[in-house]
Every structure is written in structure tokens, then in C-alpha cells.
Amino acid sequence: MDSTVKSIRLETAGLGIIFYSPHNAAHIEPGEDYLSVHYTNVPDVRRHVRAGSIVGFCTGTPGTFRLRVQRGKPAMCSEQHEFSLTLPFRCIGGKVCFRDLYDLMEWDTECPEEQTLLLRDGAYKVMVRSNTPPSGVLGDNQLIDFYFQRVEELPDIPHRGSPYLCP
């Protein structure tokens, strides 16, 4: 059975990707530079990530990313990944949006429909996996797998700084 929920093509100008439920970003005013004020220093990023609200991670480069979003956890025999990261997420309102980190610099409350996913409300452990693309250049049509595993409570995932997927 194919567990792929959705494939998303995401162009980024920034060095990271965020995902969130619109409810978790409702406090951000249209046009606001939320990145500079509330999402640049490590304690602020860590607070958002640990709460599972506006969850971001560094890709290490801008570029074109192919996000393959799936429910559950990776199969035991799934391929090995060069890059791996686990993050908490709280879905509220049944929707998840995937966007460029730099979208936080001039906030637009509308997330393109093709960058959204319908997901049952609750707490999730999100496993993010990727490899260097065939070209050898990070961000060059790079595939990133997301596995949303529903859990009873948000996992306490310690990150000393901002989460990095690719060094």
C-alpha cells in the first residue's frame, strides 16, 4: 500500500523550510517581519519548535525541494538517508502548510493550496529524511521525505540550536 499522502514542490529563497497549522500562525499580522523579530535567535526558534507550532529547520541552502509527505513511520527496510531529523508538531484545524522560511519576513496569511496537507488534529513526531541529490548540489531538486507519526503527546526532542537537516 502506498502511504504517500502528498508531493509538494517548494522553491526556497531562504536557507530553511517551515511547516505549521494556520491556527498556530494566526497571531502573525499580514506583512509583518516575524522572522527578524520572533524567529531569528536560537531561544525563539527552539520555543516554536518544541511547542510544535511553527516548526522550522535549516536546509543549508536555497533551492528547489520535492517534499514527499507520508503518514506513519518509515518502513524498517527503507533506504538509508544521509540526513535525518526528528521534530515535534501539533496539528490544529486539520491543515498543515509547508513554506519557505523567508516567507516569515513579509507574512502572507494565505498558503498556496498545493503546499498544504490535510491532517488529523493532534500531536505528531515528524521524521524528516533526505540525501544529497544526484547532481551533488544541495537544493537541486532535492527530495525530502516527511513522516508524520501520530503520538499521544508531543515528543521532547532536544535541539541545542536551530534544527539542521543538511549541514
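Above this text sits the structure in question.
What counts and how
Residues numbered from 1 in each chain as written. Predicted model: local features only at pLDDT ≥ 70, side-chain atom pairs only at ≥ 80, totals over all residues. Heavy atoms only, no water. Helix = DSSP H or I, 4+ residues; strand = E, 2+ residues; numbered from the N terminus. Rg over C-alpha atoms; globule rule 2.2 N^0.38 Å. Buried < 20%, exposed > 50% of the residue type's maximum accessible area, 1.4 Å probe, protein only. Contact = heavy atoms within 4.5 Å. Areas by Shrake-Rupley, 256 points an atom, 1.4 Å probe, with all protein chains shown as cover. Lys, Arg positive; Asp, Glu negative; His and termini not counted. Charge placed at Lys NZ, Arg CZ, Asp CG, Glu CD. Phe/Tyr/Trp six-rings, centres within 6.5 Å; stacked < 30°, edge-to-face > 60°. Lys NZ or Arg CZ within 6 Å of the ring centre and 35° of its normal. Polar contact = N/O pair within 3.5 Å; in protein donor to acceptor, adjacent residues only side chain to side chain. Salt bridge = Lys/Arg side-chain N within 4 Å of Asp/Glu carboxyl O. Pairing = 2+ DSSP bridges. Axes fitted to C-alpha atoms, helices over the stretch in contact; angles between N-to-C directions. Core = buried A, V, L, I, M, F, W, Y, C linked by side-chain atoms within 4.5 Å.

Overview of the overall build of the protein chain
Here comes step 1: Helix and strand content of the protein chain: 2 helices and 9 strands.
Here comes step 2: Listed N to C, the secondary structure of the protein chain is β-β-α-α-β-β-β-β-β-β-β in terms of helices and strands.
Here comes step 3: Relative to the compact-globule value of 15 Å for 167 residues, the protein chain shows a C-alpha radius of gyration of 15 Å, a close match.
Here comes step 4: Dimensions of the protein chain, computed from the C-alpha atoms along their principal axes, are close to 45 × 35 × 35 Å.
Here comes step 5: Per-residue burial for the protein chain yields a buried fraction of 47% across its 167 residues.
Here comes step 6: Across the protein chain, contacts joining residues at least 24 apart in sequence account for 83% of those joining residues at least 6 apart.
Here comes step 7: Just so you have it, the protein chain exposes about 8500 Å², and 51% of that area is on carbon and sulfur atoms.
Here comes step 8: Here the protein chain contributes 17 positively and 21 negatively charged side chains, and the mean placements of these two sets differ by 9 Å.

Some details on the side chain of Q115
Here comes step 1: Position of Q115 among the secondary structure elements: in the loop between β6 (95–100) and β7 (116–118).
Here comes step 2: We classify Q115 as buried; its relative accessible area is 12%.
Here comes step 3: If we ignore the near neighbours within four places in the chain, the residues touching Q115 are I8, L10, V96, C97, F98 and R99.

Observations concerning the packing of aromatic side chains
Here comes step 1: Taken as a whole and judged by the stated rule, the model has 11 aromatic pairs.
Here comes step 2: With 5.4 Å between their ring centres and 50° between their planes, F19 and F89 make a pair best called tilted. With F19 in strand β2 (residues 16–20) and F89 in strand β5 (residues 83–91), this residue pair connects regions lying 70 residues apart in the sequence.
Here comes step 3: Its relative accessible area of 0% is what places F89 among the buried residues.
Here comes step 4: Members of the aromatic cluster, connected to one another through ring pairs, are F19, F57, F89, F98, Y124, F146 and F148.
Here comes step 5: Over the ring of W107 we find R99, and its NZ or CZ is 4.3 Å from the ring centre.

Focus: the side chain of T116
Here comes step 1: Of note, T116 is situated in strand β7.
Here comes step 2: At 2.7 Å, the side chain of T116 forms a polar contact with the backbone oxygen of E113.

Quick look at the pattern of salt bridges
Any two side chains of opposite charge can pair, so long as their charged atoms come close to each other.
Here comes step 1: Evaluation of the coordinates by the stated rule reveals 4 salt bridges.
Here comes step 2: Note that D44 and R47 form a salt bridge whose closest N and O atoms lie 3.5 Å from each other. A residue pair is termed a helical-turn pair when its members lie 3 or 4 positions apart in one helix, as D44 and R47 do in helix α2 (residues 42–51) at 3 residues.
Here comes step 3: Of the charged contacts, one joins D145 and R68 as a salt bridge, the two residues approaching to 2.5 Å between their closest N and O atoms. In this pair, D145 is assigned in strand β9 (residues 140–151) and R68 in strand β4 (residues 63–71), connecting sequence segments 77 residues apart.

Topic: the sheet that holds β2
Here comes step 1: A sheet is described by the order of its strands in space; here 4 strands give the open sequence β3-β2-β6-β7, paired in antiparallel fashion. Across the chains shown, the open sheet's two edge strands, defined by having one partner strand only, are β3 (54–58) and β7. Going across the sheet, the axis of each strand differs from the next one's by a mean of 20°, ignoring polarity.
Here comes step 2: Taken together, the 3 bridges between β6 and β7 define a ladder with antiparallel strand orientation. Bridge pairing in β7 links K95 to L118.

Considerations on unusual backbone geometry
With the exception of glycine, the majority of residues adopt a negative phi angle, and the majority of peptide bonds are in the trans configuration.
Here comes step 1: A positive phi angle is found at N141, which is not glycine, with a value near 55°.
Here comes step 2: In this structure, N141 sits in strand β9.
Here comes step 3: A residue is classified by how much of its surface remains accessible, and N141, at 34% relative accessible area, is partly exposed.

Points about the nonpolar core
Here comes step 1: Core analysis: the biggest nonpolar cluster contains 41 residues, and F19, L67, F89, F98, F146 and F148 have the highest contact counts within it.
Here comes step 2: With 5 residues, the top contributor of residues to this core is β5.
Here comes step 3: In this structure, F148 is in contact with F19, V69, Q70, R71, G72, F89, V96, F98, L119, Y124, K125 and V126, ignoring residues within four places of it in sequence.

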